[in-house]
Each structure stands twice: as C-alpha cells, then as structure tokens.
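Residue-level structure breakdown
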Amino acid sequence: MEIPTVTIAFRIACCLCRKNIPLAGDVIALDGEWQRRYPKRRGTLACERCVIDYGWNCCTKAVGGFVDGHIAAPQDQVDIDSWSHLLGRGTHRALVALHPRSGLLQGAEPYLRSLASRKLSRTIADRLRPALNEWDAAQRVV
C-alpha cells in the first residue's frame, strides 16, 4: 500500500519503553501475544531495541503444546518465539497508517487526522476513519 506524503511532523513513543522511536529506525508492529506477556504495553508499535531486549525464546512447553494463555502467531508464521509474533516493520508513517489505533495512542494523532482529511484511496480512508471516530468518542467520555 502506498502512503501519500503528508508534511505533519510527529513522533511515535515505543509501546514498551515509551521513549520516542528514532526517526531513522524502523517501527515494529507487535501482535496480541506481546500484549499478554507485557500487559502494561501501550499500543502495538515498538522500537527495535525493545523487541530485542524484551523478546522471549519459547512459546511451547517442554512436554508439547503452547504455554498457558498463549495467543497464536499469524497463520503464515511458525510459532516458536517472540520473533514469530511480529506483524511487520516499516517507517513511522506506514506503520501508523496500517495500525491507526496504536498510532493514536502513541502520538500520531495530528498526522492521522491530516491523512484522513486528504483525498486518499478508499482503503486508507476506510482504515483511518473508524479509529479516529473511536478515539474522539473515548476523549469525550474522559
């Protein structure tokens, strides 16, 4: 999917360490097993350092089967360790467009609003608008 260039500046805070992810580095999207193992995580977008430091070696028990409560990796991946539970990696702009709910939690609201207000492909607009509507509704409740 091609993401249109938008000049709104933003920073993404890592969902694990909460430090800004360096603009020169990739952002890594994590799946539900990361949330289960690290429940204090905020969002799904992480820096590479945390993915390396917080990773785990085994999803399975020594006697077979998965550890209790395990959430399966995406179907196209062998489910053996933390590296099996990555949804993708890419630029800040691409990953917040692919995972807008996390982008909103992690600091990309101005960028996503700008992106949603432009004439975009239907796919991008359909992904962004529901996330922005949920975000706005949650802000009104607080």
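Keep in mind the model is a prediction, meaning the values are calculated, not measured.

**Things to note about the nonpolar core**
Counting residues in each nonpolar core, the largest one holds 33 residues, and the members touching the most others are Leu16, Leu30, Val96 and Leu112. When contributions to this core are tallied by element, the ones reaching two or more residues are β1 (27-30), β2 (45-46), α2 (48-54), α3 (92-98), α5 (109-117) and α6 (122-141). In terms of residue count, α6 provides more of this core than any other element does, 5 residues in total. Not counting chain neighbours up to four residues away, the residues in contact with Leu112 comprise Val96, Ala97, Pro100, Gly103, Leu104, Leu128 and Leu132.

**Concerning the pattern of salt bridges**
It is possible for side chains of opposite charge to pair when their charged atoms get near one another. Taken as a whole, this structure holds 8 salt bridges when the rule is applied. Between Arg37 and Glu33 there is a salt bridge, with the nearest N and O atoms lying 2.7 Å from each other. Of the two residues, Arg37 and Glu33 both sit in helix α1 (residues 32-37), 4 residues apart, roughly one turn of that helix. We note a salt bridge from Arg49 to Asp53, for which the minimum N-O separation is 3.0 Å. Of this pair, Arg49 and Asp53 are both found in helix α2, 4 residues apart, which corresponds to roughly one turn of the helix. Judged by relative accessible area, Asp53 falls into the exposed class, the value being 51%. What emerges from the salt-bridge pattern is a single network uniting Asp26, Glu48 and Arg89.

**A short note on the sheet that holds β2**
The strands that make up a sheet pair up through hydrogen bonds in the backbone, lying either parallel or antiparallel. Reading across from one edge, β2-β1-β3 is the order of the 3 strands in this open sheet, with antiparallel pairing throughout. Two strands lie at the open edges of the sheet, namely β2 and β3 (86-90), each paired on one side alone. Summarising the sheet, β1 and β3 pair through 4 bridges and their orientation is antiparallel. Note that in β3 the partner of Val27 across the bridge is Gly90.

**A word on the confidence of the model for the protein**
Within the protein, residue pLDDT values average 85, and 92% of them lie at 70 or more. No element of the protein has a lower mean pLDDT than α6, at 82, and none a higher one than β2, at 96.

The rules behind these values
- Residues numbered from 1 in each chain as written.
- Predicted model: local features only at pLDDT ≥ 70, side-chain atom pairs only at ≥ 80, totals over all residues.
- Heavy atoms only, no water.
- Core = buried A, V, L, I, M, F, W, Y, C linked by side-chain atoms within 4.5 Å.
- Buried < 20%, exposed > 50% of the residue type's maximum accessible area, 1.4 Å probe, protein only.
- Helix = DSSP H or I, 4+ residues; strand = E, 2+ residues; numbered from the N terminus.
- Contact = heavy atoms within 4.5 Å.
- Salt bridge = Lys/Arg side-chain N within 4 Å of Asp/Glu carboxyl O.
- Pairing = 2+ DSSP bridges.
- pLDDT = per-residue confidence, 0-100.

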